[in-house]
Amino acid sequence: MPGMAANCQIFENIKLDETKYAFHYIEWLEPLMNESLEEYTLRICKEIKHENPILIGVSFGGIIVQEIAKRIKTEKVIIISSVKDPSEFPKRIQWAKKFKLYHFFPTTYVTTIENLSKKIVSSKKIHHRIDMYRKYLTMRSKNYLDWAFKNIILWENKNPLKNVFHLHGGKDHIFPAERIQNAEILEGGTHVMVLVNARWINKKLNEILEKEKYEKEKL
């Protein structure tokens, strides 16, 4: 499952042995009026057609797959550039929760700011970055963004999972690595490492999957 506002093209560089594994991508659904995270997760569960799946989620998608795993049987859960508990949130998100600041995020202006930036700024680097946003961040309705920001900030993670595999970037600016516990850290990796550090992620995913399979076979 991709990160907030992203589509599944962010996994285009993630490769596993096709003779052993098949990817099944879950895109974001438009939230219903006043839909809770629990209710939303139940709708997402209906998109999963295979028994005992391995769930992989990026950023907010990592939160969603942890919630899914509380409702269906899974083989394992792997999160990338995400958090396992609200204690891993940076202080700014904890403050936003305390004072309910999610009400004030200007989600209506996300697309407007992006378009204006491309017209005003001449930097090729900025234009390239905006083009990437347009390619990968396609879930942009105000309804969805308002819902997503609120549910990230208010996430409590009741009954947390005991065994979550966590891959994280040492320079993640959204969820800083110094607050992350029990994760494999890629030094220099950022919040978008699923795109730019796919080779490392592929290696780690294969290690996680093959190690677990080997240990089960020994038993």
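Our subject is the structure that appears above.
Going along each chain's sequence as written, the residues are numbered from 1 onward. Only residues with pLDDT of at least 70 get local features here, since the model is predicted, and only at 80 or more are side-chain atom pairs given and counted; chain-wide, interface and lining totals rely on the full set of residues. With hydrogens and water excluded, all non-hydrogen atoms of the structure serve as input to the side-chain values.

*Asks:* Help me understand the sheet that holds strand β3 (residues 164-169), please; the structure alone is not making it clear to me.
*Replies:* Picture the strands of a sheet paired through backbone hydrogen bonds; they go either parallel or antiparallel. Should DSSP find at least two bridges between two strands, the strands are regarded as paired. Numbering goes from the N terminus for both helices and strands, where a helix is a DSSP run of H or I of at least four residues and a strand is a run of E of at least two. Strand order in the open sheet made by the four strands is β1-β2-β3-β4, with parallel pairing throughout. One side of each edge strand has no neighbouring strand; the edge strands of this open sheet are β1 (54-58) and β4 (184-186). Along the sheet, successive strands turn relative to each other by an average axial angle of 15°, direction set aside. The pairing of β3 with β4 spans three bridges and is classified as parallel. Bridge pairing in β4 links L167 to E184. Angles run from 0 to 180 degrees between N-to-C directions of axes, and those axes are lines fitted to C-alpha atoms, restricted for helices to the stretch in contact.

*Asks:* I tried to follow the side chain of D172 on my own but got confused; where do I start?
*Replies:* By the secondary structure assignment, D172 is in the loop between β3 and β4. This buried residue, D172, is left without a salt bridge; R92 holds the nearest opposite charge, at 6.6 Å. Whenever a nitrogen or oxygen atom comes within 3.5 Å of another N or O atom, the pair is scored as a polar contact, on the condition that within protein one atom can donate a hydrogen and the other can accept it, and that pairs from neighbouring residues in sequence are kept only if both atoms are in side chains. Within polar-contact distance, the side chain of D172 engages the backbone nitrogen of F175 at 2.8 Å. Residue exposure (1.4 Å probe, protein chains only): buried if accessible area is under 20% of the type maximum, exposed if over 50%, otherwise partly exposed. The positive count covers Lys and Arg only, the negative count covers Asp and Glu only, and His and the chain ends enter neither. Whenever a carboxyl oxygen of Asp or Glu lies within 4 Å of a side-chain nitrogen of Lys or Arg, that contact is scored as a salt bridge.

*Asks:* How should the pattern of salt bridges be read in this particular structure?
*Replies:* Note on pairing: side chains with opposite charge can pair once their charged atoms come close. The final tally for this structure, using the stated rule, is 12 salt bridges. K97 is paired through a salt bridge with E156; the nearest N and O atoms lie 2.7 Å apart. Placement of the pair is K97 in helix α3 (residues 91-99) and E156 in the loop between α6 (142-153) and β3, with a sequence separation of 59 residues. Assessed through its relative accessible area of 27%, K97 is described here as partly exposed.

*Asks:* Would you explain the packing of aromatic side chains in this entry?
*Replies:* Each aromatic ring pair is described using two quantities: the centre-to-centre distance and the angle formed by the ring planes. In this scheme Phe, Tyr and Trp rings, the latter by its six-membered ring, pair at centre separations within 6.5 Å, and the angle between planes marks the pair as stacked below 30 degrees, edge-to-face above 60, and tilted otherwise. For the structure shown, the criterion picks out 10 aromatic pairs. Between F89 and W155, the aromatic rings sit 6.5 Å apart at their centres with planes inclined by 70°, giving edge-to-face as the arrangement. One end of the pair, F89, is in the loop between β2 (76-80) and α3; the other, W155, is in the loop between α6 and β3, with 66 residues separating them in the sequence. Overall, the relative accessible area of 2% leaves F89 in the buried class. An aromatic cluster is present here, built from W28, Y40, F60, Y144 and W147 joined pairwise through their rings. Charges are assigned to positions over rings by a cutoff of 6 Å between ring centre and Lys NZ or Arg CZ, combined with an angular limit of 35 degrees from the ring normal. Between the NZ or CZ atom of K98 and the centre of the ring of W95, over which it lies, the distance is 5.2 Å.

*Asks:* Explain a nonpolar patch on the surface to me, please; I cannot follow it from the model alone.
*Replies:* Each patch is built from salt-bridge-free residues with over 30% relative accessible area, joining like charges within 9 Å and nonpolar side chains (Val, Leu, Ile, Met, Phe, Trp, Tyr) within 5 Å. For the area figures, the Shrake-Rupley method with a 1.4 Å probe applies, and any residue is considered shielded solely by the protein chains shown. A surface patch of nonpolar side chains, about 320 Å² in accessible area, is lined by W95, F99 and L101. As for its position among the elements, L101 is in the loop between α3 and α4 (110-120).

*Asks:* Whenever I open this one, the side chain of E88 confuses me. Can you help?
*Replies:* Tracing the backbone through its elements, the reader meets E88 in the loop between β2 and α3. Given a relative accessible area of 3%, E88 falls into the buried group. For E88, the side chain forms a polar contact with the main-chain nitrogen of K84, separated by 2.7 Å. Leave out the neighbours within four places in its chain, and E88 touches V83, H166, R179, I180 and Q181. In this analysis, two residues are considered to be in contact whenever any of their non-hydrogen atoms come within 4.5 Å of each other.

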